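Working through the structure, step by step
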Amino acid sequence: MDLGIAGKKAIVCAASKGLGKGCAVALAREGVDVTIVARTAETLEATAVEIRNSTGVKVIAIAADITSAEGRAKALAACPHPDILINNAGGPPAGDFRQFTREDWIKAVDANMLTPIELIKATLDGMIERKFGRIVNITSSAVKAPIDILALSNGARSGLTGFVAGIARKGVAQNVTINNILPGMFETETLRKRSEAGAKMAGKTFAEVHADRKKVIPAARFGEPDEFGALCAFICSVHAGFMTGQNFLIDGGNYPGTF
Ligand code: NAP
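What you see is a predicted model, and the numbers here were worked out from it, not measured in a lab.

Let's shift gears to helix H8 (residues 225-235). Regarding H8, the residues found buried are Pro225, Phe228, Gly229, Cys232, Ala233 and Ile235. Here the buried residues of H8 occupy an arc of 155° about the axis, which is enough to place them on one side. Where the residues of H8 are buried, they touch helix H1 (18-29), strand S4 (84-87), strand S5 (133-138), strand S6 (176-183) and strand S7 (247-250).

Quick look at the structure:
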């Protein structure tokens, strides 16, 4: 299927690795020029070279913290009129909610709620004027089925989800959509770090904990960033202008409910 987005421009946040990279690669394969953002310049540059060499699109690498005002300004200066915006950032730490301080909460809300809101604010009206826009927020399956040790993520991402539900219809008549993708467990560095932390707490090996996590997934495997990217690219396609304000769960069947 031709997704019809060749020549469009995208900002993909937190995209040197994992799910953000999966989205950047999938968009680039469709001929979209991508501005990718991450904090570590070396990894980011390596990803930029990889995407450029494998797809031939224009790739701009912005080494910046997207959760800071300066970082967002740098990304927007590099790509002032994006047709596509993929919001993403690192997730907050796990732990007992009793141990989280006000500072921890502000950091989580800043990264996983206010940063995407600021970027939507900066880009939505231009997309409406140009009569095309796709905004995709990477959230978490924890929005649908909260995970007790991820209180910061449950709270901050649900806040973003509520905000998106309220504004997702503002531009749909002008072909601008805003949707969320909710990842279950995907084989990325973040997932492996969580398994490492779980192993330490339980006095088990990383391999045991990682395998145990996989066992609960009906698909009997973790998701791959590439398949996450493919869903993202479809939601950004010209074929997806009739869906907005939706939450797309991609979790190998892990969520057991009907809706
Ligand atoms: P990952 O493989 O560890 O990659 C994270 C990416 O984000 C890296 O490129 C990292 O680069 C970048 N990044 C982190 N903080 C950033 C910041 N402040 N500014 C700019 N770039 C930043 O992680 P992932 O698994 O793809 O996770 C992506 C998001 O999905 C996270 O919010 C995570 O909590 C959520 N999620 C993941 C899963 C899963 O199973 N993987 C499940 C549910 C939710 P630098 O460190 O160099 O900045």
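Okay, unusual backbone geometry next. The backbone of lysine 131 shows a phi angle near 60°, a positive value even though the residue is not glycine. Structurally, lysine 131 can be placed in the loop between helix H4 (102-130) and S5. A positive phi angle is found at asparagine 175, which is not glycine, with a value near 70°. Structurally, asparagine 175 is set in the loop between helix H5 (151-167) and S6.

Throughout the structure, instances matching the rule amount to zero disulfides. In this structure cysteine 13 is a free cysteine whose sulfur lies 10 Å from that of cysteine 79, the closest cysteine sulfur available. Among the residues examined, cysteine 13 registers a relative accessible area of 0% and is labelled buried. Residue cysteine 232 stays outside any disulfide, its sulfur separated by 3.5 Å from that of cysteine 23, the closest cysteine. Its relative accessible area of 0% is what places cysteine 232 among the buried residues.

Axis angle and axis distance: for two packed helices, these are the angle between their axes and the distance between the axes, and together they describe the pair. Put simply, H1 and helix H2 (residues 41-55) touch, their axes get as near as 9 Å, and they point 25° apart. One way to sum up the angle between H1 and H2 is to call them roughly parallel. The crossing of H1 and H2 is right-handed. Touching Lys21, Ala24, Val25, Ala28 and Arg29 of H1 are Thr47, Glu50, Ile51 and Thr55, all from H2. A breakdown of the residues in the contact of H1 with H2 according to their chemical character gives four nonpolar, two polar and three charged.

Reading guide: rules and limits
Within each chain, residue numbers correspond to sequence positions counted from 1 in written order. Only residues with pLDDT of at least 70 get local features here, since the model is predicted, and only at 80 or more are side-chain atom pairs given and counted; chain-wide, interface and lining totals rely on the full set of residues. Side-chain metrics rest on all non-hydrogen atoms present in the structure, leaving aside hydrogens and water. The buried label goes to any residue with under 20% of its type's maximum accessible area, the exposed label to any with over 50%, and the partly exposed label to all in between, with areas taken from a 1.4 Å probe on protein chains only. In this text, helices come from DSSP runs of H or I with a minimum length of four residues, and strands from runs of E with a minimum of two, each type numbered from the N-terminal end. When we speak of the arc, we mean the arc of directions from the helix axis to the C-beta atoms. Any two residues having at least one pair of non-hydrogen atoms within 4.5 Å are treated as being in contact. Disulfide assignment relies on a single distance test, namely cysteine sulfur atoms paired within 2.5 Å. Orientation is described by axes fitted as lines to C-alpha atoms, over the contacting stretch for helices, and by angles from 0 to 180 degrees between their N-to-C directions. The cut-offs work like this: below 35 degrees is roughly parallel, past 145 is roughly antiparallel, 65 to 115 is roughly perpendicular, and the gaps in between are oblique. What makes a crossing left-handed is the near helix being turned counterclockwise from the far one by less than a right angle; a clockwise turn instead makes it right-handed. When residues are sorted by character, Ala, Val, Leu, Ile, Met, Phe, Trp, Tyr, Cys and Pro go into the nonpolar class, Asp, Glu, Lys and Arg into the charged class, and all the rest, Gly among them, into the polar class.

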